[in-house]
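What follows is each chain in one-letter form.
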Amino acid sequence: MEENMEEDPSYQPLMMDDHNHNNWEANADAYHHQQQQQQHCHQQHSHHHPSQPALSEPGGTPRAQHDPKVLLPHPMPLNGEERGPASHREPDAEPVAGKVTLNINSSASKFLMNVITTEDYQRTYWPKLDSAIDQLLTQSPGDCIPISYEQIYSCVYKCVCQQHSEQMYCDLITKITIHLRRVSEELQVSCPDAYIERFNAALSQYMGALQSIVPLFIYMNKFYIETKLNRDLKDDLIKLFTEQVAEKHVPTLMPLLIEAQSTPFKVTPSTMANIVKGLYTLRPDWAQLAPSLFSKFIPNILPPALESKLSEYAAQDQKLQRELIQNGFARGDQSRKRAGEELMFNGSASTSSCANTRGFR
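Worth saying up front: this structure is predicted, and the values here are computed from it rather than measured. (Residues numbered from 1 in each chain as written. Predicted model: local features only at pLDDT ≥ 70, side-chain atom pairs only at ≥ 80, totals over all residues. Heavy atoms only, no water.)

Caption draft 1: Highlighting the overall build of the chain. Helix and strand counts for the chain come out as 13 helices and 0 strands. Ordered by position from the N terminus, the helices and strands of the chain form the series α-α-α-α-α-α-α-α-α-α-α-α-α. Buried positions account for 24% of the 361 residues belonging to the chain. Contacts spanning at least 24 positions in sequence make up 66% of the contacts within the chain whose residues lie at least 6 apart. Carbon and sulfur atoms make up 53% of the accessible area of the chain, which totals about 26000 Å². (Helix = DSSP H or I, 4+ residues; strand = E, 2+ residues; numbered from the N terminus. Buried < 20%, exposed > 50% of the residue type's maximum accessible area, 1.4 Å probe, protein only. Contact = heavy atoms within 4.5 Å. Areas by Shrake-Rupley, 256 points an atom, 1.4 Å probe, with all protein chains shown as cover.)

Here it is in structure tokens:
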């Protein structure tokens, strides 16, 4: 472990600071020890020679009248570099006891704090999310795509913790908007016979992708969208499909659905049910465009039944039966009874006739 730390360049600034700090402590202890010895010798000398005058310098001024700092020894070497009198400078303020300042450069600070900069987000984290979203939006329902959900979930979590939620939300909305515009353009060039099926495929594919995208961005949804925007991510993405795709194609889609309803099995019941329920989820007010169609798949679309209109309901049922007969759906022979009942009826009738004959006799 120590060998790896010495070889790693990111640890070298920290090791140099630690080395300098240890040298400073050793030099400071030696300096204080030397000062104490000099004070002790000075006290003994003044005790044995109390009347000895202070030594004078060539200028005639006693050395004792000078600044006491001139009596201090030469500054101790720091960091292995010896400092002479010309380079010696007095400190502006006395150092605070017990306060140690480490010189940690920006690279070491980034390593310790694990900061994700804007450049890191754009070059490393968002490309991973962008690739995963692409695969989720284009996968077919039921397919298994080769992405690591744990890795994507971890990327979202780290970006949220490093205050990149707003940028990540904008990138997600922009990404999905571009995809939906491309889907809308493909639907516009579809032929009428395949229009319903392609719209159903696009709707099913997008709703299936939301079941994976929303849980992956749950941290962004909880700590940014719900907290600061007072919205929900799933609602925003459903609204996005409504604005970019559904609203542009409902005027064309609805007449085709009504026409397909009048022709049995022109569209499979599962496809019809999925489209009608999907449109109702996007905008419930679209049910008023075709109430009879939506009422077959969505409850409580039509007003409640009234006793005064029972005759009208019966007339509608009879009309439906006539239309089915005209389209080739036979009702069958309703006059025939079950074989057992017919035999029992015939047997009881012959017995009663014989009894009547015997009575006349």
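Caption draft 2: Layout of the confidence of the model for the chain. Of all residues in the chain, 60% attain a pLDDT of 70 or more, and the chain-wide mean is 75. Ranking the helices and strands of the chain by mean pLDDT puts helix α6 (residues 165–188) first, with 96, and helix α1 (residues 2–7) last, with 45. (pLDDT = per-residue confidence, 0-100.)

Caption draft 3: Inspection of unusual backbone geometry at higher detail. The phi dihedral of asparagine 230 is positive, around 55°, even though this residue is not glycine. Following the sequence through the fold, asparagine 230 ends up in the loop between α8 (218–229) and α9 (233–262). Residue classification places asparagine 230 among the exposed positions, given a relative accessible area of 65%. The backbone phi angle of asparagine 300 is positive, close to 65°, even though this residue is not glycine. Along the chain, asparagine 300 falls in the loop between α11 (291–295) and α12 (310–326).

Caption draft 4: Inspection of the nonpolar core at higher detail. With 64 residues, the main nonpolar core has Phe217, Met220 and Leu279 as its most contacted residues. Residue contacts for methionine 220: discarding those within four places in its chain leaves Val156, Val160, Ser165, Met168, Tyr169, Leu172, Ile225 and Leu233. (Core = buried A, V, L, I, M, F, W, Y, C linked by side-chain atoms within 4.5 Å.)

Caption draft 5: Geometry of a nonpolar patch on the surface. A cluster of nonpolar residues, Phe265, Leu320, Leu324 and Phe329, forms a patch on the protein surface that exposes about 420 Å² of accessible area. Along the chain, the position of leucine 320 falls in helix α12. The exposure class assigned to leucine 320 is partly exposed, which follows from its relative accessible area of 46%. (Patch = residues over 30% accessible without salt bridge, like charges linked within 9 Å, V, L, I, M, F, W, Y side chains within 5 Å. Salt bridge = Lys/Arg side-chain N within 4 Å of Asp/Glu carboxyl O.)

Caption draft 6: Representation of the packing of α6 against helix α7 (residues 192–216) in the model. Where α6 meets α7, the closest approach of the two axes is 10 Å, and the angle between their N-to-C directions is 165°. Comparing the axis directions of α6 and α7 gives the class roughly antiparallel. Note that α6 runs across α7; the crossing there is right-handed. Residues Leu172, Ile176, Leu180, Val183 and Leu187 of α6 pack against Tyr195, Arg198, Phe199, Ala202, Tyr206 and Ile213 of α7. Split into classes, the residues belonging to the contact of α6 with α7 amount to 10 nonpolar, no polar and 1 charged. (Axes fitted to C-alpha atoms, helices over the stretch in contact; angles between N-to-C directions. Parallel < 35°, antiparallel > 145°, perpendicular 65-115°, else oblique. Left-handed = near helix turned anticlockwise from the far one by under 90°. Nonpolar A, V, L, I, M, F, W, Y, C, P; charged D, E, K, R; others polar.)

Caption draft 7: Spatial organisation of the packing of aromatic side chains. Under the definition given, this model contains 5 aromatic pairs. Ring geometry for tyrosine 206 against phenylalanine 241: centres 5.0 Å apart, planes inclined by 25°, an arrangement best described as stacked. Of this pair, tyrosine 206 sits in helix α7 while phenylalanine 241 is found in helix α9, placing the two residues 35 residues apart along the sequence. The class of tyrosine 206 is buried, set by a relative accessible area of 3%. Between tyrosine 219 and phenylalanine 223 the ring centres are 5.8 Å apart and the planes differ by 15°, which places this aromatic pair in the stacked class. (Phe/Tyr/Trp six-rings, centres within 6.5 Å; stacked < 30°, edge-to-face > 60°.)

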